[in-house]
Amino acid sequence: MGIYAEPRFLPAGDLAVSIELADEISREANARVLTLERLLTDSQLPGVVETVPTFRALLVRYDPLVLPWGDLLARIRALLSRLAGAAPPPGRHVELPCAYGGEYGPDLEEVARRLGLVPGEVVRLHAGAEHLVYFIGFTPGLPYMAGMPERLMIPRLERPRTKTPPGSVGIGGTQCSIYPVESPGGFWVLGRTPLALYDPAAADPILLRPGDRVRFRPIDAAEFREIAAAVAAGSYPPRIEVESAETTP
Amino acid sequence: MSDLVVVEPGLLTTVQDLGRPGYQRVGIPPSGPLDRTAFVVANRLVGNPDGAAGLELTLRGPRLEVRRECVVAVTGAEMGFAVTGREAPAWTAVRLKPGDVVTFRMATAGCRAYLAVAGGLNVPPALGSRATYLRGRLGGLEGRALQKGDGLPVGASALALDRLEGRTVPLPRCPTYPSEVECRVVLGPQDDRFTPEGIAAFLEGPYMVTPQADRMGYRLKGPTITHARGHDLISDGIPLGGIQVPGEGQPIVLLVDRQTTGGYTKIATVISVDISRIGQTKPGQRVRFRQVTLAEAHAALAEEQRWLDEAVRA
């Protein structure tokens, strides 16, 4: 386990390569992936079509007729040599209002019981933490986040739900996630955000980005309905602050 | 702006262009045609840029009423293309006049046909593309498949219609859609997670296409592929054609509307020019995989490009 001394270049067909930087899930491994992605994006290398960052690997889609394999590898190796000194891309701070418990968070009571806490303490711990978005994937807008307080770690549902409403905020294992669309799922649902993580009708349909830092703000049912109505009317600007590059640790 | 009116939608007809690159990092797959070759040829026949929006027809095409004079080309699966009751040539630019009715039957060879119209389908783009991503309700016509009563707007043709009529792909050059297909693969990204016997079984095959086969991916059934040390992986990005093997040892080929990331090991990746071969198969057909080197895959892509550049004759 750990960061590789030599990154691995794994061909993923003839149009993509997976660059593995580590064999662990950690903030450091993910920061390296996001930094490499930024270096590659900034280099505006012709023939690079798109990049997909995940926990510890960057998938690079390229056009081999524009950028031959050997050249692609040489260019990425050159970027990797600059990785240690490069600043990670500036993250954003995103506040997600979240109604905990009741109809919005049907599992809050049971999670509290199993963890030997009162529901209010579960909410305080969950809303008090900063959740780092490692990457977005699987379905549109779904965040894979780190930063769950250890006290809230709980095995996933023994019997996954067949339907979880959009916006549901769930926990399981060391993970916290949010369902952008109605889906089946194995997470314990603590609450729900009225914000749309994925809105195909919007000019910018995806709310969260890799590298975002998310905080949940507890709201009550009345405020949930108020924000949900504003979101539906297109008049709710999510609270997002962009970190300046200088303040990046 | 209903230049083409949908009288019957067919089994699954969607608007596609060459896809929506750049959004896989936020969970949105590229979409686009499953048979890129047939799609591009259709566009070139009617004088469009390769990425103009057209229709992808699945198993049985729609019935369309023509409201404005236009030139169309139908390529891909053999689907009994006819105009106002008369059989019309595929792989050829065909002129249509107002009142004409375009019809199709069930596919007899292949699974997906393409209909391009000179000027392209002028539906509003979403995130820079007109491709339909059904599960994400994005692009195309309101993010969904065509329905009865839909109207499709057609853009302005780049060339005069009488200059397009009759452009064709000479018959011996047209792709065919055999019942048993071979897909070339490059091993990896995680072939090191399988036993030598597992890789041998995978390359020996054959695999049958199951009913769980769509634009997202094809579940196949055949010889069991054994893992060397577990089937779980730290989730990573899934490339076009990536072949996931979950615990039960049966492969899933992931295609244009795939989930963008996943945690199952991927034994191999179907090379880009052979995506159309699997995309043209129906449930019950058989698929074999053949290993090629990355250099051979890139040579095949360059060869495909040359073929495309020579295929269309004025």
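Quantities reported herein were computed from a predicted structural model and do not represent experimental measurements. (Residues numbered from 1 in each chain as written. Chains lettered and ligands numbered in written order. Predicted model: local features only at pLDDT ≥ 70, side-chain atom pairs only at ≥ 80, totals over all residues.)

(A) A look at the overall build of chain B. Within chain B, the secondary structure is distributed over 5 helices and 20 strands. For 314 residues, the compact-globule estimate of 2.2 N^0.38 gives 20 Å, and chain B sits close to it at 20 Å. Once the C-alpha set of chain B is aligned to its principal axes, its extents read approximately 65 × 40 × 30 Å. Counting all 314 residues of chain B, 55% fall into the buried class. By sequence separation, contacts in chain B at least 24 residues apart represent 79% of the contacts at least 6 residues apart. (Helix = DSSP H or I, 4+ residues; strand = E, 2+ residues; numbered from the N terminus. Rg over C-alpha atoms; globule rule 2.2 N^0.38 Å. Buried ≥ 20, exposed ≤ 12 C-beta atoms within 10 Å, placed from the backbone. Contact = placed C-beta atoms within 7 Å.)

(B) Representation of the sheet that holds strand 4 (residues 57-62) of chain A in the model. All names here are of chain A. Sheet architecture is open: 4 strands sit in the order 1-2-4-3, paired in antiparallel fashion. The open sheet has two edge strands, strand 1 (3-11) and strand 3 (48-53), and neither has a second partner. Between one strand axis and the next, the sheet turns through 15° on average, direction left out of account. Bridge count between strand 2 (residues 16-22) and strand 4: 5 bridges; the pairing is antiparallel. In the sheet register, Ser18 faces strand 4, and the bridge partner there is Leu59. Set on the sheet, helix 1 (residues 27-43) makes contact with strand 1, strand 2, strand 3 and strand 4; between it and strand 3 the angle comes to about 165°. (Pairing = 2+ DSSP bridges. Axes fitted to C-alpha atoms, helices over the stretch in contact; angles between N-to-C directions.)

(C) Quick peek at the interface of chain B and chain A. Each side of the interface is counted separately: chain B has 36 residues, and chain A has 33 residues. Ranked by the residues each element gives to the side of chain B that touches chain A, the list is headed by helix 5 (residues 294-311) of chain B, at 6 residues. Of the residues contributing to the side of chain B that touches chain A, the split by class is 15 nonpolar, 18 polar and 3 charged. (Nonpolar A, V, L, I, M, F, W, Y, C, P; charged D, E, K, R; others polar.)

(D) The arrangement of the domain arrangement of chain B in detail. Residue and element names in this part refer to chain B. Each assigned domain of chain B is listed with its residue range as follows: domain 1 (4-173) and domain 2 (180-311). One C-alpha centre belongs to domain 1, the other to domain 2, and the line joining them spans 27 Å. With 23 residues of domain 1 at the contact, the number on the domain 2 side is 17 residues. For the side of domain 1 that touches domain 2, the secondary-structure elements that each account for two or more residues are helix 1 (36-45) and strand 10 (109-117). Sort the elements by how many residues they give to the side of domain 1 that touches domain 2 and helix 1 lands first, with 5 residues. Of the residues in the side of domain 1 that touches domain 2, the class split is 11 nonpolar, 7 polar and 5 charged. (Domains from an automatic or database assignment.)

(E) Quick look at the nonpolar core. Among the nonpolar cores identified, the biggest contains 100 residues, and Ile19, Leu190 and Leu208 of chain A together with Val185, Tyr218, Val253 and Val270 of chain B are the most heavily contacted of them. Every residue in contact with Ile19 of chain A, bar those within four places of it in the chain, is listed here: Pro7, Phe9, Leu36, Ala57, Leu58, Val60 and Ile76 of chain A. In this structure, Val6, Ala90, Val94 and Leu96 of chain B belong to the second largest nonpolar core, which totals 51 residues. (Core = buried A, V, L, I, M, F, W, Y, C linked by C-beta atoms within 7 Å.)

(F) Spotlight on the domain arrangement of chain A. Residue and element names in this part refer to chain A. In terms of domains, chain A is made up of domain 1 (3-81) and domain 2 (92-247). The C-alpha-based centres of domain 1 and domain 2 are spaced at 29 Å. Counting residues at the interface gives 6 residues for domain 1, matched by 7 residues for domain 2. Per-element accounting of the side of domain 1 that touches domain 2 gives the leading share, 3 residues, to helix 1.

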